[in-house]
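# Structure at a glance
Residue-level listing of the chains:
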Amino acid sequence: MAAAVTLAAETPTLSAANTGFMLICSALVMLMTPGLAFFYGGMVRVKSTLNMLMMSFISLGIVTVLWVLYGFSMAFGTDSGGLVGWNSDWVGLGGIGLTELWDGYTIPVFVFLVFQLMFAVLTPALISGALADRVKFTAWALFIALWATIAYFPVAHWVWGAGGWAFELGVIDFAGGTAVHINAGAAALGVVLVIGKRVGFRKDPMRPHSLPLVMLGAALLWFGWFGFNAGSWLGNDDGVGALMFVNTQVATAAAVLGWLAYEKIRHGAFTTLGAASGAVSGLVAITPAGGAVSPLGAIAVGAVAGVLCAMAVGLKYRFGYDDSLDVVGVHLVGGVIGSLLVGFFASGKGQSDVQGLFYGGGLDQFWKQCAGVLGVLAYSLAVSAVLAFLLDRTIGMRVSENDEVAGIDRAEHAETAYDFSGAGGGATRNAAPAPVAPAESKKVDA
C-alpha cells in the first residue's frame, strides 16, 4: 500500500490519451460558436440574419487575440486579492514550454489554455442574441474586447483560478454556470436596459425566419456541449468526465420535455422553437451541476430548468425590456437554476464529497452557491451597463432607425442572407411593364 501511495504522489507525466481527448473537446467547444450563430441566425427576421451570424463569428477573432496577449494570464495567472490573475511569462504565450504540464494534470499548458480559450470566445457571443436587429457592428466588436477584458477574464479567475474568491469559497461550477451563462445573461440584461427596445417591439411580428436553421444550431450546440462539459474535468482517469457526459444528455432531454409540456399546457402546442430552446436551457442548467449530481438528479435539474426558463422568457413583456432572443430567460435564469440546485442535489459521489440538502448535507453548499451567483450577476450587470452607456454616448451603440427598419444586414454588411434575384424571372425579364389604369395609379402614388 505504501508503494502505491508513493507512486500516486509522483509528479504527473504527459498523457497522450488525455491530451488527445482534450484537443477533441476543444474543437467541439469551438464548434459551439458557429452553432450558436446558426441558432440565433434562424431566430431573427431575414433582414438581420447575416448580422446575427457575424456577431458570433467576430468573437472568434477578437477574443482569440486578446487571450494570447493577456487574457489567459488574467484568468489563470498568479492570484491578486482573489480578483484577478497575472503571469508575465504567459503574456503572448512566449514563456510556455511545449511539454510543460498544467499544474496537477497530465495535459500540456497549451492544451488547457486552448480549451479555456474556446469558453472565452463563446461567452460574449451568447450576449449578442439579446441585441438582435439594432447594434452597430463596430460598437459590438469594441464591446466584446472591453467586456472580455473587464468582465470575462476576471470572473473566470474568480470561479476557476487558484486563489479566486469563488474558487476558495468552495462554489461549485463544473463548466461555467456562473462564469459563462450567468455572466453572459446578466451582461445581456445590462446592455438592453441601456440601448432600449427594437423599433416595433410588441407591435410588429418578429417571428423566426428559419426554424430549420434554429434546429440545426441547437443540434450543433448539443453536440459541442459534450466537449464543453465532459472536457472540463481535463481528463477522464476517474470517470467524473463520463458522469458529466451522461448527465449532459439526461438533463437536456428532460429539459426538452419540461419546456414542451409547459408550452402545451400554456399555449396549446408543441413548437420546434420550444424544443430547441428547451434543449439549450437544459444544457445551460446542467453545466455547473453535472459533475456533482447523479443521473436522477440531472433529470430533476433539466426538468426544472425547462419549465422555469419557458416561463421566464415571457418576463420581457411583463417588465418591458427587449431581450430579442431570450438570452436572459434561458442563459441567466438557466445558469442560476443549475448553480443553485447544486445545493440540493449534490450527491457527494461525483467531483467531490460535497452533499446537498437532499443528501443530508444541509444548506451550507446552497449558501455558497448563492454567493457565487449573486457576485457574478451583480458585477456583470453593472459592468456591462456602464460599458454600453459609455459606448452609446461616444461612438453610438445603435444603428439609425431607418437602417434598423430597412435591415441591418444591408446597412452594416452590404449583403443579404438570401439572394432571390435570379429566381423565376427568366420568362418575363424583357417584357414591357403592364400599363397602369388611372385609378390604380392613384393608389400607387398614395
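Our subject is the structure listed above.
Owing to the predicted nature of the structure, the values given are computational and were not obtained by experimental measurement.

What follows deals with the packing of aromatic side chains. Counted according to the given criterion, the structure contains 28 aromatic pairs. Between Phe39 and Tyr40, the aromatic rings sit 6.0 Å apart at their centres with planes inclined by 40°, giving tilted as the arrangement. For the pair formed by Phe39 and Tyr40, the shared burial category is buried. On the basis of an interplanar angle of 20° and a centroid distance of 5.7 Å, the ring pair of Trp140 and Phe143 is categorised as stacked. Of the two residues, Trp140 and Phe143 both sit in helix H5 (residues 137–160), three residues apart, roughly one turn of that helix. Assessed through its relative accessible area of 0%, Trp140 is described here as buried. Grouped by ring-pair contacts, the aromatic residues Trp67, Tyr70, Phe72, Phe76, Trp90, Trp102, Phe112, Tyr152 and Phe153 constitute a single cluster.

Moving on, we get to the packing of helix H2 (residues 16–43) against helix H8 (residues 211–230). Where H2 meets H8, the closest approach of the two axes is 7 Å, and the angle between their N-to-C directions is 155°. By the angle between their directions, the pair H2 and H8 is classed as roughly antiparallel. The hand of the H2/H8 crossing is left-handed.

Once that is clear, we can look at helix H11 (residues 295–312). Given 3.6 residues per turn, any residue in an α-helix points the same way as the ones three and four places further on. Taking 1.5 Å as the rise per residue, H11 with 18 residues should run 26 Å; its terminal C-alpha atoms sit 25 Å apart, in good agreement. Those residues of H11 that fall on the buried side of the exposure criterion are Gly297, Ala298, Val301, Gly302, Ala305, Gly306, Cys309, Ala310 and Ala312. In the core, the buried residues of H11 are packed alongside helix H9 (240–267), helix H10 (272–289), helix H12 (315–319) and helix H13 (327–345).

All right, on to helix H7 (residues 177–195) then. Helix length check: H7, at 19 residues, gives a terminal C-alpha distance of 26 Å against a target of 27 Å (1.5 Å per residue), a fit within 8%. Its axis deflected by about 25° at Asn183, H7 carries its strongest bend there. Of all 19 residues in H7, 17 are buried; the element is thus mostly enclosed. At the C-terminal side of H7, Gly196 shows a positive phi close to 85°.

With that settled, the discussion passes to a nonpolar patch on the surface. Among the surface-exposed residues, Leu357, Phe358, Tyr359, Leu363 and Trp367 lie close enough to one another that they form a single nonpolar patch of about 510 Å² accessible area. Counting through the fold element by element, Trp367 comes out in helix H14 (residues 364–394). Classification of Trp367 by relative accessible area gives exposed; the value is 54%.

Interhelical geometry of H9 versus H11 gives an angle of 35° and a closest axis separation of 7 Å. In this structure, H9 crosses over H11, and the sense of that crossing is right-handed. Listed contacts from H11 to Leu243, Val246, Asn247, Val250, Ala251, Ala254, Ala255, Gly258, Trp259 and Tyr262 of H9 are Pro295, Ala298, Ile299, Gly302, Ala303, Gly306, Val307, Cys309, Ala310 and Met311. Of the residues assigned to the contact of H9 with H11, the class counts are 16 nonpolar, four polar and no charged.

This part covers the pattern of salt bridges. Applying the stated criterion to the full structure yields seven salt bridges. Here Asp322 and Arg134 are joined by a salt bridge, their closest N and O atoms 4.0 Å apart. Placement of the pair is Asp322 in the loop between H12 and H13 and Arg134 in the loop between helix H4 (109–127) and H5, with a sequence separation of 188 residues. The same class applies to Asp322 as to Arg134, namely buried. A salt bridge links Asp322 to Arg198, with the nearest nitrogen and oxygen atoms 2.8 Å apart. Remark: Arg198 occurs in the loop between H7 and H8 and Asp322 occurs in the loop between H12 and H13; sequence separation between them is 124 residues.

Moving on, we get to the nonpolar core. Among the nonpolar cores identified, the biggest contains 121 residues, and Phe72 and Leu131 are the most heavily contacted of them. Counting residues per element, this core draws most heavily on H5, which supplies 16 residues.

Rules of the game
Residues numbered from 1 in each chain as written. Predicted model: local features only at pLDDT ≥ 70, side-chain atom pairs only at ≥ 80, totals over all residues. Heavy atoms only, no water. Phe/Tyr/Trp six-rings, centres within 6.5 Å; stacked < 30°, edge-to-face > 60°. Buried < 20%, exposed > 50% of the residue type's maximum accessible area, 1.4 Å probe, protein only. Helix = DSSP H or I, 4+ residues; strand = E, 2+ residues; numbered from the N terminus. Axes fitted to C-alpha atoms, helices over the stretch in contact; angles between N-to-C directions. Parallel < 35°, antiparallel > 145°, perpendicular 65-115°, else oblique. Left-handed = near helix turned anticlockwise from the far one by under 90°. Expected span 1.5 Å × (residues − 1). Contact = heavy atoms within 4.5 Å. Bend = angle between axes of the 7 residues up to and from the residue. Patch = residues over 30% accessible without salt bridge, like charges linked within 9 Å, V, L, I, M, F, W, Y side chains within 5 Å. Areas by Shrake-Rupley, 256 points an atom, 1.4 Å probe, with all protein chains shown as cover. Salt bridge = Lys/Arg side-chain N within 4 Å of Asp/Glu carboxyl O. Nonpolar A, V, L, I, M, F, W, Y, C, P; charged D, E, K, R; others polar. Core = buried A, V, L, I, M, F, W, Y, C linked by side-chain atoms within 4.5 Å.

Structural measurements only, silent on function.
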